[in-house]
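Architecture at a glance
Chain by chain, the residues run as shown.
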Amino acid sequence: MSFNFDLVIQSFPLLLLGAGITIKITALSVGLGMIIGMFVGIARISHVTPLRMLAAVYIDFLRGTPLLVQIFLIYFALPLMLDQRVDPFVAAITACGINSGAYVAEIFRAGIQAIDKGQMEAGRSLGMTWVQTMRYIIVPQAFKNIVPPLGNEFIALLKDSSLVSVIGFEELTRRGQLIIARTYGSLEIWLSVAVIYLVMTLAISRLVAYMEKRLKTS
Amino acid sequence: MIDIKDLRKSFEDHEVLKGINLHINPKEVVVIIGPSGSGKSTLLRCMNMLEEPTSGKVVVDGIELNGEANINKAREEIGMVFQRFNLFPHMTVLQNITLAPMKVRKISKEEAEKTAMELLNQVGLADKAGAYPPQLSGGQQQRVAIARALAMKPKVMLFDEPTSALDPEMVKEVLDVMKSLADKGMTMAIVTHEMGFAREVGDRLLFVDEGQIIEQGPPKEVFDNPKEERTRLFFSKIL
């Protein structure tokens, strides 16, 4: 068996375009996941019982079912309910974002619960409401604690985004498949795809380590 | 200023407060002492609803502490100082002090900072305005915490063992600030183990044991002539 280096070089620009799209999906999904996760995480520990239960159901459902099935639900099942086609890009980001939101919610919950309860008491004793105390005192401190687990979530999501290739969305994995369908270069292309994922995840973990260090000194 | 009627508090099966009646007058300094586990901190924490009573009534400055809105309203008038300071570590000393006046009282940043600097001057820490709490000693942190509570211009100040977490050499600087506050006519309720301070600054001494007020009166009388056996027993252990 031989390794065709030319194929790697020829395909690389196309794969990099795919990687760019992977980054785009990941970044948008993480953004969506962070917003959802923050609210769901806070709802999870609020004193309003229906809110707390709703948040628990959300987390259980999204963590207890495969992301692949969630993607299918949004891309294939949801259009049947809406009687309208869903754009693959929108479906990809929605599926990854709400899935990630469940994991981020648990990260937030843990980060908030790690803050000394004296902080909440101090805020409340000054006449601030629960929401004000959360916003100005608890959440900003929790953010510092949750940078490392959020980084892990970012990396996990970047890898999981390869699943959206199944709905034909042309990110890195799908690009690879398409090139292989044309050239039969499974070895060269899958190896290249793997290396590109590896470079991206390593870059994120370095970035997170750097941010963690910066936050520690501030 | 503070009116407490038949206050009871249970944690699960354990009744910590067994029917407390207490009236604190404006400008009065009430010092609460008692063995650990006697319920004295719980009593203090019921005065601003950090601890929710099982039954009974607490009225502060004419506001009955029931319902979220009333409680928030009353808390604006009740300053609290904690054993472990509970300063906000991600904010500077100045931000710690100005946050609540700006967010709750809705006063401008300039005005809040002006008041904050005056208060920092009062507690002798004007040069620490830009520092972060973890950079300060325990005594300094507690003085900032007092300034933070005072910035809301409260009518009552509650102190929950304010010197218990301090190294011995820092106790005096905090007590001095509290004493000057008492001299200015602040209404205060203080849970403490500092008997010298209680005798010197308190208008009234409350001895609490097993969830009840066992004895109360002017500090000198209670210290020199305790009427109750349990009070005598307590003093014999600590003095």
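Residues numbered from 1 in each chain as written. Chains lettered and ligands numbered in written order. Predicted model: local features only at pLDDT ≥ 70, side-chain atom pairs only at ≥ 80, totals over all residues. Heavy atoms only, no water.

Going by an unreviewed UniProt entry, chain B carries the name Glutamine ABC transporter ATP-binding protein and comes from Anaerovibrio lipolyticus. Per UniProt, chain B carries the Subcellular location (unreviewed entry) text "Cell membrane". The UniProt entry for chain B carries this comment under Sequence similarities (unreviewed entry): "Belongs to the ABC transporter superfamily." (UniProt positions renumbered as here; feature names shortened; annotations may be inferred.)

An unreviewed UniProt entry annotates chain A as Nickel transporter of Anaerovibrio lipolyticus. Under the UniProt heading Sequence similarities (unreviewed entry), the note attached to chain A is "Belongs to the binding-protein-dependent transport system permease family. HisMQ subfamily."

Take the overall build of chain A next. Scanning chain A from N- to C-terminus turns up eight helices and zero strands. Taken from the N to the C terminus, the helices and strands of chain A come in the order α-α-α-α-α-α-α-α. C-alpha extents for chain A along the principal axes are approximately 70 × 50 × 20 Å. For chain A, the proportion of its 218 residues judged to be buried stands at 47%. Sequence-distant contacts in chain A: of pairs separated by 6 or more residues, those separated by 24 or more amount to 75%. Only carbon and sulfur atoms are counted for the fraction: they give 68% of the accessible area of chain A, which is about 11,400 Å². (Helix = DSSP H or I, 4+ residues; strand = E, 2+ residues; numbered from the N terminus. Buried < 20%, exposed > 50% of the residue type's maximum accessible area, 1.4 Å probe, protein only. Contact = heavy atoms within 4.5 Å. Areas by Shrake-Rupley, 256 points an atom, 1.4 Å probe, with all protein chains shown as cover.)

A separate point is the packing of helix H5 (residues 117–125) of chain A against helix H6 (residues 130–160) of chain A. All names here are of chain A. Close contact between H5 and H6 brings their axes to 9 Å; oriented N to C, the two are set at 140°. By crossing handedness, the relation of H5 to H6 is classed as right-handed. On the side of H5, the interface is formed by Gln 119, Met 120, Gly 123 and Arg 124, while H6 contributes Trp 130, Thr 133, Met 134, Ile 137, Ile 138 and Gln 141. For the contact of H5 with H6, a count of residues per class yields five nonpolar, four polar and one charged. (Axes fitted to C-alpha atoms, helices over the stretch in contact; angles between N-to-C directions. Left-handed = near helix turned anticlockwise from the far one by under 90°. Nonpolar A, V, L, I, M, F, W, Y, C, P; charged D, E, K, R; others polar.)

A few words on the pairing of strand E10 (residues 212–217) of chain B. All names here are of chain B. Here five bridges tie strand E9 (residues 204–209) to E10, and the two strands are oriented antiparallel to one another. Across the sheet, the residue bridging to Leu 206 is Gln 216, located in E10. Count of turn residues in the E9/E10 antiparallel hairpin: two residues, of which Glu 210 carries a positive phi of about 50°. (Pairing = 2+ DSSP bridges.)

Now for the pattern of salt bridges. Across all of its chains, the model carries 25 salt bridges over all chains by this definition. Asp 6 of chain B serves as the salt-bridge partner of Arg 8 of chain B, at 3.7 Å between the closest nitrogen and oxygen. The residue Arg 230 of chain B makes a salt bridge to Asp 209 of chain B at a minimum N-O spacing of 3.6 Å. A residue pair is termed long-range when its members are at least 10 positions apart, and Arg 230 of chain B in helix H9 (residues 229–238) and Asp 209 of chain B in strand E9 qualify at 21 residues. In the salt-bridge network here, residues are joined through shared partners; they are Lys 117 and Glu 121 of chain A together with Arg 45 and Glu 51 of chain B. (Salt bridge = Lys/Arg side-chain N within 4 Å of Asp/Glu carboxyl O.)

Here we come to the environment of Arg 206 of chain A. Residues and elements named next belong to chain A. Mapping Arg 206 onto the fold places it in helix H8 (residues 186–217). With relative accessibility at 58%, the residue Arg 206 sits in the exposed group. Sequence separation between Arg 206 and Thr 26 is 180 residues, and the spatial gap between their C-alpha atoms is 17 Å.

A separate point is a nonpolar patch on the surface. Taken together, the side chains of Phe 3, Phe 5, Ile 9, Leu 187 and Leu 191 of chain A make up a nonpolar region of the molecular surface, amounting to roughly 490 Å² of accessible area. Contributing elements (two or more residues each) for the nonpolar patch: helix H1 (5–44) and H8 of chain A. (Patch = residues over 30% accessible without salt bridge, like charges linked within 9 Å, V, L, I, M, F, W, Y side chains within 5 Å.)

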